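Summary of the model geometry
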Amino acid sequence: MLEIIRYHEDTTEGNDCLIKDCIVWMKCHGKYIVMNIRKYVGWCDNGMDFRCRKEFDNSFDACDYYWDMVNNRHKY
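Along every chain, residues carry numbers that run from 1 in the direction the sequence is written. With the structure being a predicted model, the display of local features is reserved for residues of pLDDT at least 70 and the display and counting of side-chain atom pairs for 80 or more, all residues being used for whole-chain, interface and lining totals. The side-chain figures draw on all heavy atoms in the structure; neither hydrogens nor water molecules are used.

Observations regarding the overall build of the chain
Using the following cut-off: For the purposes of this entry, the term helix denotes a DSSP run of H or I that reaches at least four residues, the term strand denotes a run of E that reaches at least two, and both are numbered from the N terminus. When accessible area is computed with a 1.4 Å probe and restricted to protein chains, residues below 20% of their type maximum are described as buried, those above 50% as exposed, and intermediate ones as partly exposed. By the convention used here, residues are in contact when the closest approach between their heavy atoms is within 4.5 Å.
Scanning the chain from N- to C-terminus turns up one helix and four strands. Going from N to C terminus, the chain has its helices and strands arranged as β-β-β-β-α. Dimensions of the chain, computed from C-alpha atoms along their principal axes, come out at roughly 40 × 25 × 15 Å. In the chain, which comprises 76 residues, the proportion classed as buried is 32%. Nonlocal contacts in the chain, meaning residues at least 24 apart in sequence, comprise 35% of its contacts between residues at least 6 apart.

Concerning the nonpolar core
Rule in force here: Nine residue types can take part in a nonpolar core, namely buried Ala, Val, Leu, Ile, Met, Phe, Trp, Tyr and Cys, and a core is a set of them joined through side-chain atoms within 4.5 Å.
Residues Ile-23, Trp-25, Tyr-32, Val-34, Phe-56, Ala-62, Tyr-65, Tyr-66, Met-69, Val-70 and Tyr-76 constitute the largest nonpolar core, which totals eleven residues. Secondary structure elements with two or more residues in this core: strand E2 (17–28), strand E3 (31–42) and helix H1 (59–71). At five residues, the largest contribution of residues to this core is made by H1. Setting aside its immediate chain neighbours within four residues, Ile-23 contacts Arg-6, Tyr-7, His-8, Met-35, Asn-36, Tyr-66, Met-69, Val-70 and Arg-73.

Some points on the pattern of salt bridges
Convention followed: We count a salt bridge whenever a side-chain nitrogen from Lys or Arg sits within 4 Å of a carboxyl oxygen from Asp or Glu.
Across all of its chains, the model carries six salt bridges by this definition. As a salt-bridge pair, Lys-31 and Asp-57 come within 2.4 Å of each other at their nearest N and O atoms. Residue Lys-31 is found in strand E3, and its partner Asp-57 is found in the loop between strand E4 (48–56) and H1; the two are separated by 26 residues along the sequence. Residue Glu-55 is joined to Arg-53 by a salt bridge in which the shortest nitrogen-to-oxygen separation is 2.7 Å.

Regarding a nonpolar patch on the surface
So the rule is basically this: Each patch is assembled from residues with relative accessible area greater than 30% and no salt bridge, linking like charges that lie within 9 Å and nonpolar side chains (Val, Leu, Ile, Met, Phe, Trp, Tyr) that lie within 5 Å. To be clear on the numbers: accessible area is Shrake-Rupley with a 1.4 Å probe, and residue cover counts the displayed protein chains and nothing else.
A cluster of nonpolar side chains, namely Leu-2, Ile-4 and Tyr-7, defines an oily patch on the protein surface of about 330 Å² accessible area. Secondary-structure assignment places Leu-2 in strand E1 (residues 2–13).

Regarding H1
Note the following rule: By this rule the span expected of a helix is its residue count minus one, scaled by 1.5 Å. As used in this structure description, the phrase polar contact means that two N or O atoms lie within 3.5 Å; if the pair is within protein, one of them must be able to donate a hydrogen and the other to accept it, and residues adjacent in sequence are counted only when both atoms belong to side chains.
Relative to the 18 Å expected for 13 residues at 1.5 Å per residue, H1 spans 18 Å between its end C-alpha atoms, a close match to the ideal helical length. Against E1, E2, E3 and E4 lie the buried residues of H1. Where H1 begins, the capping side chain belongs to Asn-58, and its oxygen is found 3.1 Å from the backbone nitrogen of Phe-60.

Concerning the packing of aromatic side chains
Stated precisely, the cut-off is as follows: Within 6.5 Å between ring centres, the rings of Phe, Tyr and Trp (the latter by its six-membered ring) count as paired, and their orientation is classed by plane angle as stacked under 30 degrees, edge-to-face over 60, tilted in between.
A complete count under the given rule lists three aromatic pairs for this structure. Measuring from ring centre to ring centre gives 5.5 Å for Phe-56 and Tyr-65, while their planes differ by 50 degrees; the resulting arrangement is tilted. Relative accessible area serves as the criterion here: at 10%, Phe-56 is assigned to the buried category. For Tyr-65, a relative accessible area of 16% translates into the label buried. A connected cluster of aromatic rings, assembled from ring pairs, spans Trp-25, Tyr-66 and Trp-67.

Following this line, the structure appears as structure tokens:
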């Protein structure tokens with residue numbers, strides 16, 4: 001079973017494109033997963049870019065990683 005716990009959407013302007021990020025915290029098969037799904041809109045649009053996926057055994061570590069990714073998106 002898949003459960004979406006929280007997600008955050010954000011956009012940033014690139015050189016000649018718009019960068020859209022969707023940061024997702026979910027639970028699947030007993031694991032907590034946090035990942036960033038990026039989409040470039042404009043001349044460099046090659047579909048979705050699945051970035052920085054990380055798995056956790058507990059929700060506390062996943063929560064810390066999720067908020068770090070939301071607040072420091074440039075690192076990911």
